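# Notes for the structure review
Given next are the chains, with one letter for each unit.
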Amino acid sequence: KTYLVMLWWAFWASLLLYGDRPFVNHWLFFQNALRLFTEDNPSGNVTTAESYRRLLTVCAIVPICVCLKRHYVALHLGARLYSRYNARLEEIMRQVLLISELSLWARRKHDKHATYEDFLMQQSELESSLVTAAPSKDPSERESDLPSETHYSKLSEFVEPWQEPKRRNKGEPISGKHIIEFRQAFAVMTKEFFFSTAFGPVETRAECLVSSENLFWRLCSLMGDDKSGTINMDHITFWMYKGRHLPEEVQKAADFDKLFVSDAKNQIHLIDFVGAIDGIYKKLRLLENAVDNASHIDNSYEKVINFVFYLFIGCFGLAVLGLNPLAFVVSISTIVVSFGFMIGSGTSQLFEGVMMVLARQPYDIGDKIAIAEVETLADLDGSQHWMVESIDLVTTVGRLVGTGEVASFSNGALARARLMNMARSPNAVVYVHVRFEINVPYSKILIFRAAVEKFVEERPAEWVELIAFRTNRVEAEQNFVEYSIMLRHQLAWQKLIPIKESRGAVASFCVEAQKQLGCRYRAPPMDVHISKSTEGSAPTGNITEEEAGSLNRLLELAKGFGSTD
């Protein structure tokens, strides 16, 4: 690097070529054979000149300042990257380690030709050999009087529903060690076999799907379920951890259950198994793309820092050399000020956009966002989404989810808009509106509500809870009462299609439940009056017999439309 060469030159020049010592003036002052290097050839006053001393000072201080600047900028940008993506990387790494552990265990058992039935036989023999008579507990020492967890869960049904806010975990300060570990972990996670060699290659999504399917059938073979095409993850974890006796083994088994969603019979199908691993793969690729884009933004950010730093260092160097830096600044101030007036509004908007990307960071690569004016009311049914594809300091490129259209937005314009990030909006809240006739008994409405609650409770993989069932509108003239069903989904608004499908299923169930209860709302018929007037409104032209016949048939059709006779 140039600044290191400058520092090295300043060090040796101050050691060998600065001062009034005999050695500095003449390196070979101790001999007389070469009179060129003795006092017969005067050295002048270069080595003792004040300007030379200032030059050495500048050449020594500037490289040190550059080194400190590079160190601080590297820590600052690395800390930004760490604080922004470390949580996502940790989550993906935990899931990848689970898949890796499962793949390695399946390969070992497959190589040994082991089966689940053999393991159960060994476990039964081991348990029978270890059975001992445990001393019974004194009834006086039992803790039956203490309230159970079920008691607390029943109490929670009668209190006001409330979602506890997330607490910010400050943690320890981010150091260079954390940044290096983050980069090393990220480098490992982006290799071809990041799920382990036992799982198979995952360089592309197609390879990931093939490797996932091969692992599924390998597990089916171990469990003896080749024909059924399903696996029981509870049995697999019981076999993997030999009974799940340790707390960490119980936790890993719970993580497996959370990763692979099973059906009502606790069975996992091929599409669910492959879909879960494919979800991890997509998360990792999105994270990789986001980190690369963030590094690109950080490079642009570093260029801005370098411009300000070297401008300051240049003024400092001129001042040390005895020159007046203000003369240089004043000479270009007139051009800068006039140019600033010309692009004042554009510069202000550009600065707002840069600060939004660097400081606010309202979205990331792969996030779905909704853009609206600040004063516009939010849509309770969900807003139109844009998928963020690329970000830089000036523009953001997004793709409209509904149509696939690609648009480029100015970051300055987005900074003044209301941005709703769907990926950072967990547990989407959706509404389903149901109408009943006014004369429907309230007891039927309570039965309908109980049926909807049962429908939601039977689908814990989709819904968290039914938040509210309340009256929304009362229209006596139109003979209906509208109720709003407020539901909290398991997914974030980022997964818009599954949320819409779940809400559609609830709406369809509500219609079917109304049919079964006989309380489906039917809008009252609208009165339509059609008359043929011969006074004042008769056409000026003559009506043919064919046109008169058509008009009469139309009037008869309108009169008899909707009748059941």
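Rules of the game
Residues numbered from 1 in each chain as written. Predicted model: local features only at pLDDT ≥ 70, side-chain atom pairs only at ≥ 80, totals over all residues. Heavy atoms only, no water. Helix = DSSP H or I, 4+ residues; strand = E, 2+ residues; numbered from the N terminus. Buried < 20%, exposed > 50% of the residue type's maximum accessible area, 1.4 Å probe, protein only. Areas by Shrake-Rupley, 256 points an atom, 1.4 Å probe, with all protein chains shown as cover. 1 Å grid on protein atoms, 1.4 Å probe; cavity = no way out; pocket = protein on both sides within 12 Å on 5 of 7 lines; lining within 4 Å. Points joined across faces, edges and corners; volume = space filled by probe spheres on them. Nonpolar A, V, L, I, M, F, W, Y, C, P; charged D, E, K, R; others polar. Pairing = 2+ DSSP bridges. Contact = heavy atoms within 4.5 Å. pLDDT = per-residue confidence, 0-100. Axes fitted to C-alpha atoms, helices over the stretch in contact; angles between N-to-C directions. Parallel < 35°, antiparallel > 145°, perpendicular 65-115°, else oblique. Salt bridge = Lys/Arg side-chain N within 4 Å of Asp/Glu carboxyl O. Polar contact = N/O pair within 3.5 Å; in protein donor to acceptor, adjacent residues only side chain to side chain. Patch = residues over 30% accessible without salt bridge, like charges linked within 9 Å, V, L, I, M, F, W, Y side chains within 5 Å. Core = buried A, V, L, I, M, F, W, Y, C linked by side-chain atoms within 4.5 Å.

### A look at the overall build of the protein chain
- Within the protein chain, the secondary structure is distributed over 16 helices and 10 strands.
- By the burial criterion, 31% of the 565 residues in the protein chain qualify as buried.
- Summed over all atoms, the accessible surface of the protein chain reaches about 37,100 Å², with 59% contributed by carbon and sulfur.

### Remarks on empty space enclosed by the protein
- A complete count under the given rule lists 2 cavities of 30 Å³ or more for this structure.
- What the largest cavity holds in volume is close to 50 Å³.
- Every residue lining the largest cavity is listed: Arg80, Leu81, Arg84, Ala294, Ile297, Asp298, Val357 and Gln361.
- Elements represented by at least two residues in the lining of the largest cavity include exactly helix H3 (50–111) and helix H10 (270–320).
- Its residues assigned to classes, the lining of the largest cavity comprises 4 nonpolar, 1 polar and 3 charged.
- Here the second largest cavity defines a volume of roughly 40 Å³.

### A few points about the pairing of strand S6 (residues 406–410)
- For strand S5 (residues 395–400) and S6, the ladder comprises 5 bridges, and the chain directions are antiparallel. For Val397, the partnering residue across the bridge sits in S6 and is Ser408.

### Focus: the side chain of His385
- Relative to the helices and strands, His385 is located in the loop between strand S3 (368–372) and strand S4 (386–391).
- Once you skip the residues sitting within four places of it in the chain, His385 turns out to touch Lys368, Ile369, Arg399, Leu400, Val401, Met422, Trp493 and Leu496.

### Observations regarding the confidence of the model for the protein chain
- Residues with a pLDDT of 70 or more make up 82% of the protein chain, whose mean pLDDT is 80.
- With pLDDT under 50 throughout, residues 132–153 is counted as low confidence; its partners more than four residues away or in other chains account for 2 contacts.
- Low pLDDT, under 50, characterises residues 557–565; the stretch is placed with 1 contact to residues that sit more than four places away or in other chains.

### Points about the packing of H3 against helix H8 (residues 233–240)
- Orientation of H3 relative to H8, taken along the N-to-C sense of each, is 75°, at an axis distance of 12 Å. Judged on the interaxial angle alone, H8 and H3 are roughly perpendicular. Taken together, the residues of H8 that come into contact with H3 (itself represented by Glu101, Leu102, Trp105 and Lys109) are Ile236, Trp239 and Met240.
- Broken down by class, the residue content of the contact of H3 with H8 amounts to 5 nonpolar, no polar and 2 charged.

### Let's talk about the sheet that holds strand S9 (residues 463–475)
- Here 3 strands make up an open sheet; going across it, the order is S8-S10-S9 and the pairing antiparallel. The sheet terminates laterally at strand S8 (429–437) and S9, the two strands that pair on one side only. Neighbour-to-neighbour, the strand axes of this sheet turn through a mean angle of 20°, independent of strand direction.
- Two strands pair when backbone bridges link them, and S8 and strand S10 (residues 480–489) are joined in this way by 9 bridges, in the antiparallel orientation. Note that in S10 the partner of Val429 across the bridge is Arg488.

### Topic: the pattern of salt bridges
- Within this structure, the stated rule accounts for 17 salt bridges.
- Linking Arg435 and Glu482 is a salt bridge whose minimum nitrogen-to-oxygen distance equals 3.3 Å. Highlighted residues: Arg435 in strand S8 and Glu482 in strand S10, separated in sequence by 47 residues.
- Overall, Arg435 belongs to the partly exposed group, its relative accessible area being 32%.
- Between Arg473 and Glu475 there is a salt bridge, with the nearest N and O atoms lying 3.3 Å from each other.
- What makes Arg473 partly exposed here is its relative accessible area of 31%.
- Given a relative accessible area of 26%, Glu475 falls into the partly exposed group.

### Points about the environment of Ser83
- With respect to the helices and strands, Ser83 occurs in helix H3.
- Exposure remark for Ser83: the relative accessible area of 52% places this residue in the exposed category.
- Placed 91 residues apart in sequence, Ser83 and Ile174 show a C-alpha to C-alpha distance of 8.1 Å.
- A distance of 3.1 Å separates a polar side-chain atom of Ser83 from the backbone oxygen of Arg80.

### As for a nonpolar patch on the surface
- Together, Val304, Phe307, Val308, Leu311, Phe328, Val329, Ile332 and Val336 line one region of the surface with nonpolar side chains, adding up to about 730 Å² of accessible area.
- Listed by contribution, the elements that provide at least two residues to the nonpolar patch are H10 and helix H11 (325–342).
- Classification of Ile332 by relative accessible area gives partly exposed; the value is 35%.

### Observations concerning the nonpolar core
- Judged by nonpolar contacts, the single largest core of 66 residues is most densely connected at Phe195, Leu219, Phe260 and Phe273.
- Tallying contributions element by element places H3 first for this core, with 13 residues.
- Excluding residues within four positions of it along the chain, Phe195 makes contact with Val96, Ile99, Ser100, Ser103, Val202, Cys208, Ile277 and Ile280.
- Counting 27 residues, the second-largest nonpolar core is a separate cluster that includes Val440, Val481, Ile499 and Ala513.

### As for the sheet that holds strand S7 (residues 418–421)
- Spatially, the 5 strands line up as an open sheet ordered S6-S5-S4-S3-S7, and their pairing is antiparallel. Edge strands, defined here as strands with exactly one partner in the open sheet, are S6 and S7. With strand direction ignored, the average angle separating the axes of adjacent strands in the sheet is 40°.

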